[in-house]
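Here is what each chain is made of, one letter per residue.
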Amino acid sequence: MGVPTRPRVAVHKFSSCDGCQLAFLNLGEDLLALAERVELVHFAEAGPLDPDAEADVAFVEGSVSTPADLERIQRIRRHSRMLIAIGACATAGGIQALRNGADGAQWAAQIYSHPAAVASLERSTPISSHVAVDFELWGCPVSGPQILAVVNSLLLGVAPRDDADKVCSECKRRNFACVMVSRGIPCMGPVTRAGCGALCPGLGRDCYGCYGPAENANTDALAAQFGRQGLDPSAIARRFRSINSQAPAFLAAADKARMQRDE
Ligand code: SF4
Ligand code: SF4
Ligand code: SF4
């Protein structure tokens with residue numbers, strides 16, 4: 001896990017909205033300090049442009065969604081000692097993976113006047129479906145402090161901490177009132193991975209699961225709770241079939257709800 005004192009770092013974009021790269025840029029002064037401790041060899045949003053540069057650590061944003069993505073991710077893996085997938089697109093296929101359970105070609109035909117010009121794979125898939133991934137940072141987008149924590153761990157030569165606890169635990173730590181208990185709002189926090197600091201409950205709204213499934217997520221219990229709160233099986237399926245729809249725990253929960261709807 002050890003890396004050189006001034007490691008070469010690359011940030012690559014695949015099919016995505018750029019929001020996770022912005023989490024880097026939003027680090028502000030911390031990013032400037034970081035730039036002195038690492039050598040940024042490729043980061044198109046920030047300036048350095050050398051997509052084939054050898055890197056000690058490559059951060060990869062976005063899903064594999066096009067034929068060009070398929071070829072490029074293999075090249076990046078060959079040029080990178082350590083590869084870290086950042087964000088829901090890279091870890092679970094992202095919102096664009098909603099097409100995986102639909103007729104994507106029909107969607108393209110309905111939207112574009114020349115759908116044949118759209119070079120799009122039938123499915124949007126996470127980076128780990130194609131190459132070995134050394135670490136995953138979940139979230140839509142990932143948080144800047146999480147990125148800094150990972151880089152600092154790597155600079156110290158230790159494995160980054162994988163926080164697979166649940167958003168509920170962050171609510172408790174921060175003393176936020178539970179929106180599900182106090183206001184009856186269905187909340188994905190009990191099955192969602194921590195890391196955002198319970199951002200949404202802190203603002204008085206429900207978590208919608210953007211950090212993906214937590215470890216040992218009891219989706220059956222949460223689906224039953226949603227049912228008691230008045231959500232029908234279709235609505236429950238939609239709660240799980242969102243930004244992280246292809247994460248196995250959420251995919252299975254959505255399929256189960258849909259089967260109940262169709263019974
Ligand atoms: S995970 Fe979210 S914020 Fe990050 S690139 Fe994908 S859509 Fe954008
Ligand atoms: S608001 Fe949501 S995340 Fe927070 S404790 Fe309640 S259920 Fe859990
Ligand atoms: S509370 Fe849930 S939806 Fe909101 S930022 Fe955190 S993980 Fe994402």
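Check the entry above for the structure.
To start, this report covers the structure provided alongside it.

Conventions and cut-offs
- Residues numbered from 1 in each chain as written.
- Chains lettered and ligands numbered in written order.
- Predicted model: local features only at pLDDT ≥ 70, side-chain atom pairs only at ≥ 80, totals over all residues.
- Heavy atoms only, no water.
- Near = heavy atom within 4 Å.
- Helix = DSSP H or I, 4+ residues; strand = E, 2+ residues; numbered from the N terminus.
- Core = buried A, V, L, I, M, F, W, Y, C linked by side-chain atoms within 4.5 Å.
- Buried < 20%, exposed > 50% of the residue type's maximum accessible area, 1.4 Å probe, protein only.
- Contact = heavy atoms within 4.5 Å.
- Axes fitted to C-alpha atoms, helices over the stretch in contact; angles between N-to-C directions.
- Parallel < 35°, antiparallel > 145°, perpendicular 65-115°, else oblique.
- Left-handed = near helix turned anticlockwise from the far one by under 90°.
- Nonpolar A, V, L, I, M, F, W, Y, C, P; charged D, E, K, R; others polar.
- Pairing = 2+ DSSP bridges.

1. Side note on the site of ligand 1
(1) Moving on: For ligand 1, the full set of nearby residues is Ser-16, Cys-17, Asp-18, Gly-19, Cys-20, Glu-61, Gly-87, Ala-88, Cys-89, Gly-139, Cys-140 and Pro-141.
(2) Moving on: For the shell around ligand 1, the secondary-structure elements that each account for two or more residues are α1 (19–25) and α4 (88–92).

2. Comments concerning the nonpolar core
(1) Moving on: Phe-59, Ile-84 and Ile-86 are the most contacted members of the largest nonpolar core, which has 23 residues in total.
(2) Moving on: The leading source of residues in this core is helix α6 (residues 144–156), at five residues.
(3) Moving on: Ile-84 has contacts with Val-57, Ala-58, Phe-59, Val-60, Phe-135, Val-150 and Leu-154, leaving out every residue within four places of it along the chain.
(4) Moving on: Within the second largest apolar cluster, 20 residues are counted, among which are Cys-207, Leu-222, Leu-231 and Ala-253.

3. Notes on unusual backbone geometry
One can expect most non-glycine residues to show negative phi and most peptide bonds to be in trans.
(1) Moving on: That bond from Cys-140 to Pro-141 is cis: its omega, 0 degrees, falls within 30 degrees of zero.
(2) Moving on: Note on placement: Pro-141 falls in the loop between β5 (135–137) and α6.
(3) Moving on: For Asp-18, which is not glycine, the phi dihedral falls at a positive 80 degrees.
(4) Moving on: Relative to the helices and strands, Asp-18 is located in the loop between β1 (8–13) and α1.
(5) Moving on: Looking at Asp-18, the relative accessible area reads 19%, which means it is buried.

4. Observations concerning the packing of helix α11 (residues 233–240) against helix α12 (residues 248–262)
(1) Moving on: Remark: α11 packs on α12, axes separated minimally by 8 Å, with the N-to-C direction vectors making an angle of 170 degrees. The angle between α11 and α12 places the two elements in the roughly antiparallel class. Considering the relative orientation of α11 and α12, their crossing is left-handed. Where α11 abuts α12, its residues Pro-233, Ser-234, Ile-236, Ala-237 and Phe-240 lie against Phe-250, Ala-253, Ala-254, Ala-257, Arg-258, Gln-260 and Arg-261.
(2) Moving on: Grouping the amino acids of the contact of α11 with α12 by side-chain chemistry returns eight nonpolar, two polar and two charged.

5. Thoughts on the site of ligand 2
(1) Moving on: Neighbouring ligand 2 are the residues Val-167, Cys-168, Cys-171, Lys-172, Cys-178, Val-179, Met-180, Cys-187, Gly-189, Pro-190 and Pro-201.
(2) Moving on: Element by element, the count of residues in the shell around ligand 2 is highest for helix α7 (residues 167–174), at four residues.
(3) Moving on: Residue composition of the shell around ligand 2, grouped by class: nine nonpolar, one polar and one charged.

6. Comments concerning the sheet that holds β5
Each strand in a sheet pairs with another by means of backbone hydrogen bonds, the pair being arranged parallel or else antiparallel.
(1) Moving on: One open sheet holds the five strands; their spatial order is β2-β1-β3-β4-β5, and the pairing between them is parallel. Only two strands of the sheet have a single neighbouring strand rather than two, namely β2 (39–43) and β5. Each neighbouring strand pair of the sheet contributes to a mean axis angle of 20 degrees, computed without reference to strand direction.
(2) Moving on: Where strand β3 (residues 55–61) lies against strand β4 (residues 80–86), six bridges are found, and the strand directions are parallel. Residue pairing in the sheet places Ala-58 in a bridge with Leu-83 of β4.
(3) Moving on: This element, helix α3 (residues 67–79), spans β1, β3 and β4 of the sheet and lies at about 130 degrees to β4.
(4) Moving on: Its contacts with the sheet place α6 against β3, β4 and β5, and it is angled at close to 155 degrees to β5.

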